[in-house]
Amino acid sequence: MEEKFDAAIVGAGPAGISAACILAERGVKVIVLERGEYPGSKNMFGGVLYGRSLERIIPDFAQKNCPIERNIVESRLSYLSEESSISLTYRDQAFFEKLQNNAFTVGRAKFDRWFADQARARGALLVCSTVVTDLLRDGAGRVVGVKTDRADGDLRARVVLLADGVNSPLAAKTGFRPEVKPGNVALAVKELIGLPEEVIDERFGVSAGNGVTNEILGNVTLGMNGVAFLYTNRRSVSLGIGANLSDFARERVRPYEMIERLKLHPAISPLIKGGKPLEYLAHWLPEGGFATVPRLFGDGFLIAGDSAMLFNALHREGSNLAMASGRLAAETILEAMGKNDFSSRTLQSYGQRMEESFVLKDLKKYRRFPSFLETHRELFTNLPRGASAAIREILTVDETPKKTRRRAAFEAIRGRMTSLRLLRLIWDAWRSVR
Amino acid sequence: MHFAVCIKQVPDTAEVKIDPETNTLVRAGVESMANPYDITALEEALRLKEKYGAKVTVLSMGPPQADSVLRQALSMGADDAVLLSDRAFAGADTLATSYTLSKAIETLGRVEPVDLVLCGKQAIDGDTAQTGPGIAARLALTQFTYVIEVQWIDLHKRRLQVRRKVEGGFEVILGPLPALLSVELELATPRRASLPMLINSFRAPVTVWNAETIGASAALVGIKGSPTWVKAIASPQVHRAGPRWDAAQGVRPAVTAALDTLFSDEDFAAGFLKGWKV
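This one's a predicted model, so the numbers in the text were calculated from it and none came from an experiment.

A. Structural view of the overall build of chain A. The helix and strand inventory of chain A stands at 15 helices and 17 strands. Over its C-alpha trace chain A gives a radius of gyration of 23 Å, about what one expects of a compact globule, namely 22 Å for 434 residues. The dimensions of chain A, computed from C-alpha atoms along their principal axes, are 85 × 45 × 40 Å. Here chain A, with 434 residues, has 49% of them falling under the buried criterion.

Right under this line is the structure:
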């Protein structure tokens, strides 16, 4: 077709829409192509968004009917063995007021549509139910648009932003990013469990639209490298669990069995008791870290969000990296429009912007974290059991002298792993997050 | 030729639930969509347009948001779109709706006479199948209902022949234009919009007409013009499949097992024995 856009964005998720909002606001002729029936229909994530990242795109999001489920005021980290749970809880008054919406839960089906509406209100064109099948290139190999699965589906654009997510068929087809290896993605499943608002308030000790996140580690992933989570929404909780895809393949564990087992855990079952299963979702998470981030730009194109494998596995952040990368991509596109040059010479400033931002700084800092988890399986096997047995020893009161108890507690851990291994674990853990 | 296609925006009935307390439809959070029968009618109109040459105007009566179904029609290839939107139209039954639509079709006809009106046989929310025939009666159009094939249109003799579904078979009938078709889903599979058409449909203008534009009498539209009302709504009983016994290993053991199960119910056994005595 004859019509040419300034920017074509593939994917109407947090990365693509962030870029679309900024570009459309500046009068750039932008089109967003989404393969789902509506934005959010194909998406799933844990459920937490970060207000300071969203504010950079929509400053007054809370006043604009952003479909916030609950403002997170308390974060829990739990380490579960088969029968016990060690937890660390942090609740702070600041999260109620000063730092309100620092983190908040959303449902993607609602949030993505709301977010896309903000982009449309700024003048972006959103086309759904349309799959981008390939990139259009000129004779010199520069990207000059996209091919879609619709009739007369070629669309010309001065620049293309690839924000089509971790499971990108386009990546495989065009090679802009190496196809993901099973070891570099986690397969996560999530169940949305409906409960009355008052019941959630009572069980989690919150009220008035505030909520809790709970990250869960330990034996729950049946020895596989993975995590689980429980997040509160307004009238439901999201219970999810994921593990490295190659671990799933090796262990032949079925994800739904793993989540069913988690639901029966004594620390989890009282929190979801009486709940009605509303939805069951599954998705990949790009958890390969810094080593798997591809080159972020080329002649006529940029990559943002999960497509670029931007995910902080340690802090469980992804949506904010997507939004920030989308914003930085948009700023780069504005710069390129000013210069009227969309070659990699100009677009490379996206790479610089990313390196100067928290996005790549964080991923670089934690670049050893993925292999740390990979090489310390005891985190998911013997350590939770040992830690639990040790604490049980200390808390059992039966007139045994404390000295004996404490020795038994050390033995509970040492019986499961050598002192050397334990030291190694602590050393590697420190190095991976240093 | 000029074709008018009537399209209704309906709730996605796959998602509609009935509140067991109040017996009313739970509409909150339910997606809207174009009535699939109407989209089939549009597809047929577009195919006839490609074959015989025509202008296709789509009409919808509804709130301002109903323009999304008209944009869908434009993306498929409709030439013009008119949204009939007026607070006075709200709460209409099929009598008032067919009046409003017929006044709009009359209004269209003043600029360019309408030769053929197409609509779905029914809407998936109301299931009445009355609006199409209502329009035909009001505008004195030849009425072809339950159409499964438009065999031909003769432009010179101004007549057409269609195949329509009747109980136990089909009927081929011939009649003069102007006419109205109410169509079945098997008539045509709707096309997928091309990318340029889809893009343009978001920018194309949708004309909005109110009661005054179409010269409709205030007493005959909307709730005022609707003598019928919904007295009650009830969920149908869910019939679950009964138990089955596999007779592959022989009829006798299957029947024995079935009878054992039946008689293990004490109420059934008691009733059965009582019946014997009488």
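Past the structure itself, the notes keep going.
B. Geometry of the packing of helix α13 (residues 382-395) of chain A against helix α14 (residues 402-414) of chain A. Residues and elements named next belong to chain A. α14 packs onto α13 with a crossing angle of 170 degrees between their chain directions and a minimal axis gap of 7 Å. One finds that α13 runs roughly antiparallel with respect to α14. Contacts from G386, A387, A389, A390, E393 and I394 of α13 reach α14 at R405, A408, A409, A412 and I413. A per-class count over the contact of α13 with α14 returns eight nonpolar, one polar and two charged.

C. Focus on the domain arrangement of chain B. By domain assignment, chain B separates into domain 1 (2-225) and domain 2 (240-278). Look at where the C-alpha atoms of domain 1 of chain B and domain 2 of chain B centre, and you get two points 53 Å apart.

D. A look at helix α4 (residues 131-139) of chain B. All names here are of chain B. For α4, the complete set of buried residues consists of T131, G132, G134, I135 and A136. Packed against the buried residues of α4 are α3 (94-111), β8 (116-120), β9 (142-154) and β12 (179-183). Immediately downstream of α4, the backbone of A140 shows phi near 55 degrees, a positive value.

E. Examining unusual backbone geometry more closely. The peptide bond linking B:L177 to B:P178 adopts the cis configuration, its omega dihedral lying at -5 degrees. In the Ramachandran plot, A:S129 falls in the positive-phi region, its phi being about 50 degrees despite a non-glycine side chain. By the secondary structure assignment, A:S129 is in the loop between β7 (125-127) and β8 (132-137). The backbone of A:D152 shows a phi angle near 50 degrees, a positive value even though the residue is not glycine. Following the sequence through the fold, A:D152 ends up in the loop between β9 (143-148) and β10 (154-162). Exposure remark for A:D152: the 13 C-beta atoms within 10 Å place this residue in the partly exposed category.

F. Structural context of the pairing of strand β4 (residues 70-80) of chain A. All names here are of chain A. Sheet topology note: the β4/strand β6 (residues 103-105) ladder contains two bridges and is antiparallel. When the sheet's bridge partners are listed, N71 is paired in β6 with F104. Relative to strand β5 (residues 85-91), β4 runs antiparallel, the two sharing seven bridges. The residue bridging S75 from the neighbouring strand is Y90, located in β5. A loop of four residues connects β4 with β5, the two strands running antiparallel in sequence.

The rules we used
- Residues numbered from 1 in each chain as written.
- Chains lettered and ligands numbered in written order.
- Predicted model: local features only at pLDDT ≥ 70, side-chain atom pairs only at ≥ 80, totals over all residues.
- Helix = DSSP H or I, 4+ residues; strand = E, 2+ residues; numbered from the N terminus.
- Rg over C-alpha atoms; globule rule 2.2 N^0.38 Å.
- Buried ≥ 20, exposed ≤ 12 C-beta atoms within 10 Å, placed from the backbone.
- Axes fitted to C-alpha atoms, helices over the stretch in contact; angles between N-to-C directions.
- Parallel < 35°, antiparallel > 145°, perpendicular 65-115°, else oblique.
- Contact = placed C-beta atoms within 7 Å.
- Nonpolar A, V, L, I, M, F, W, Y, C, P; charged D, E, K, R; others polar.
- Domains from an automatic or database assignment.
- Pairing = 2+ DSSP bridges.

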